[in-house]
Amino acid sequence: MNEPIKSRREREKQARYDAILDAAEATFAEKGYERTSMDDIARRASLSRALLYVYFRDKSAIRRGIVLRAGESLRGRFERARNSASDSLQQLVAIGRAYYRFCLEEPEYFGALTQAATTMSEADDAQTEQLHCSETAVMTIMVEIIEQGLAAGILSRSRIRDPLQTALFLRGALHGVIMGCRQDMGRSGAYASFPRDELIEYTLSMLITSVAAEQPPRP
């Protein structure tokens, strides 16, 4: 009897936690982080101020909760991208496109992860561990793809000394181009000279070429 009651309470607690983050995301988007108060979030979530503080001690804690959400969203996108392609090269391309779509479709989450080091500087141990696990899961997906590609002879053993190092390189290089597109596109900067989608595809092509085996294995 106790277990169902506990499960129901846990579900209710999780639902309230999610409702607070939903309310915070919507209010931040409308008013900006600095101009949003805890009262604004409580009203949006239809909660009392006192109950809001049971879940989050301050606005910074709420923003850290959003960072954790963003990390989980990215992990899910990477997992689905891996499952959408059959070989390692195409899986890496799919993940690169998924990262770009993440930036376009969830810009607040993309920005939250870009600033995660600063945002999470005052996180408690539980939140720090959650973010670490989320980031590890994202990188593990890429590392596993690279290891499988090496085993199949699709990726170059002479160029890839360490799968994690290569995963960090691929993600970091693409991230840099995406950030450049965000800053310059539509203005007069160098990135504005090229259609954004075309530049991303070119970047992915160059990155994949840099790790592909020179002579793919025979069928």
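Note that this is a predicted model, so its numbers are computed, not measured.

What counts and what doesn't
- Position labels on residues start from 1 in each chain and follow its written sequence.
- With pLDDT at 70 or above as the cut-off, local features in this predicted model cover only qualifying residues; side-chain atom pairs require 80 or more to be listed or tallied, and sums for whole chains, interfaces and linings still use all residues.
- Water and hydrogen atoms were dropped before computing side-chain values, which therefore reflect all heavy atoms in the structure.
- A run of H or I in DSSP counts as a helix once it spans at least four residues, and a run of E counts as a strand once it spans at least two, with each numbered from the N terminus.
- Summary of the burial criterion: residues with accessible area below 20% of their type's maximum are buried, those above 50% are exposed, and those between are partly exposed, where the area comes from a 1.4 Å probe applied to protein chains only.
- Contacts were defined at the residue level, with two residues in contact if any of their heavy atoms lie within 4.5 Å.
- Only the protein chains shown count as covering a residue, and every accessible area follows the Shrake-Rupley method with a 1.4 Å probe.
- A residue counts as positive if it is Lys or Arg and as negative if it is Asp or Glu; His and the chain ends are not included.
- For charged residues, the charge sits on one atom: NZ in Lys, CZ in Arg, CG in Asp, CD in Glu.
- Grid points spaced at 1 Å and placed over the protein atoms alone form the basis of the search, with a cavity being a set where a 1.4 Å probe fits but cannot get out and a pocket an open set showing protein on both sides within 12 Å along at least five of seven lines. Lining residues have an atom within 4 Å of a point.
- Grid points are joined across faces, edges and corners, and a volume is the space filled by probe spheres set on the points.
- Residue polarity follows a fixed list, in which Ala, Val, Leu, Ile, Met, Phe, Trp, Tyr, Cys and Pro are nonpolar, Asp, Glu, Lys and Arg are charged, and the others, Gly among them, are polar.
- Each pair of aromatic rings taken from Phe, Tyr and Trp, with Trp reduced to its six-membered ring, is defined by centres within 6.5 Å and is described as stacked if the planes are under 30 degrees apart, edge-to-face if over 60, and tilted in the remaining cases.
- Axis lines are fitted to C-alpha atoms, over the contacting stretch for helices. Their N-to-C directions set the angle, which ranges from 0 to 180 degrees.
- Crossings are classed by handedness, with left-handed meaning an anticlockwise turn of the near helix from the far one by less than a right angle and right-handed meaning a clockwise turn.
- Roughly parallel means an angle under 35 degrees; roughly antiparallel, over 145; roughly perpendicular, 65 to 115; everything else is oblique.
- When a carboxyl oxygen of Asp or Glu is within 4 Å of a side-chain nitrogen of Lys or Arg, the pair counts as a salt bridge.

Peer 1: Mind showing me how you'd approach the overall build of the protein chain here?
Peer 2: Within the protein chain, the regular secondary structure consists of 10 helices and zero strands. The helix and strand sequence of the protein chain, counted from the amino end, reads α-α-α-α-α-α-α-α-α-α. Projecting the C-alpha coordinates of the protein chain onto the three principal axes gives extents of approximately 65 × 55 × 30 Å. The burial tally for the protein chain puts 42% of its 219 residues in the buried class. Considering only intrachain contacts with a sequence separation of at least 6, the fraction spanning at least 24 residues in the protein chain is 67%. Surface exposure of the protein chain reaches about 12700 Å², of which carbon and sulfur atoms provide 50%. Here the protein chain contributes 30 positively and 30 negatively charged side chains, and the mean placements of these two sets differ by 2 Å.

Peer 1: Which parts of the structure should I look at to understand the layout of surface pockets?
Peer 2: Here the largest pocket is characterised by a volume of approximately 350 Å³. Of all the secondary structure elements, the ones that give two or more residues to the lining of the largest pocket are α1 (2-31), α4 (59-83) and α6 (107-114). The leading source of residues in the lining of the largest pocket is α6, at five residues. In the lining of the largest pocket, the residues fall into eight nonpolar, four polar and four charged.

Peer 1: How should I be thinking about the packing of aromatic side chains in this particular structure?
Peer 2: The description of two aromatic rings rests on the distance between their centres and on the angle between their planes. All chains considered together, the criterion is met by five aromatic pairs. Look at Phe 78 and Tyr 99: their rings are 6.1 Å apart centre to centre, the planes differ by 80°, and that puts the pair in the edge-to-face class. Residue Phe 78 is located in helix α4, and its partner Tyr 99 is located in helix α5 (residues 88-105); the two are separated by 21 residues in the primary sequence. The class of Phe 78 is buried, set by a relative accessible area of 1%. Here Tyr 99 falls in the buried class, since its relative accessible area comes to 6%. In this structure an aromatic cluster arises from ring pairing among Phe 78, Tyr 99, Phe 102 and Phe 110.

Peer 1: Help me out: how do you make sense of the packing of α4 against α5 in this one?
Peer 2: Two measures define how a pair of helices packs: the angle their axes make with one another and the distance between the axes. One way to put it is that α4 packs onto α5 with a least axis distance of 8 Å and a crossing angle of 145°. In terms of crossing hand, the pair formed by α4 and α5 is right-handed. Seen from α4, the contacting residues are Ala 70, Ser 73, Leu 74, Arg 77, Phe 78, Ala 81 and Arg 82; seen from α5, they are Gln 91, Ala 94, Ile 95, Ala 98, Tyr 99, Arg 101, Phe 102 and Glu 105. Split into classes, the residues belonging to the contact of α4 with α5 amount to nine nonpolar, two polar and four charged.

Peer 1: What's the story with the side chain of Glu 106 in this structure? I'm lost.
Peer 2: Turning to its location among the elements, Glu 106 is positioned in the loop between α5 and α6. By relative accessible area, which is 19% here, Glu 106 ends up buried.

Peer 1: I keep staring at the packing of α5 against α6 and nothing clicks. Help me out?
Peer 2: In the contact formed by α5 and α6, the axes pass within 5 Å of each other and the chain directions differ by 110°. With respect to α6, the element α5 is oriented roughly perpendicular. Residue-level inspection shows Tyr 99, Phe 102, Cys 103, Leu 104 and Glu 105 of α5 in contact with α6, the latter providing Pro 107, Tyr 109, Phe 110 and Leu 113. Classifying every residue of the contact of α5 with α6 by side-chain character gives eight nonpolar, no polar and one charged.

Peer 1: What should I look at first to understand the pattern of salt bridges in this one?
Peer 2: As a working rule, side chains carrying opposite charge can pair if their charged atoms are close by. Summed over all chains, the structure comprises 17 salt bridges. In this structure, the salt-bridge partner of Asp 39 is Arg 49, at a minimum N-O distance of 2.6 Å. Taken as a pair, Asp 39 in helix α2 (residues 38-44) and Arg 49 in helix α3 (residues 49-55) lie far apart in primary sequence, 10 residues in all. By relative accessible area, Arg 49 is classed as partly exposed at 40%. Each of Asp 18, Asp 22, Glu 25 and Arg 69 takes part in salt bridges that share partners, so that together they form one network.

So yeah, pure geometry; function would need other evidence.
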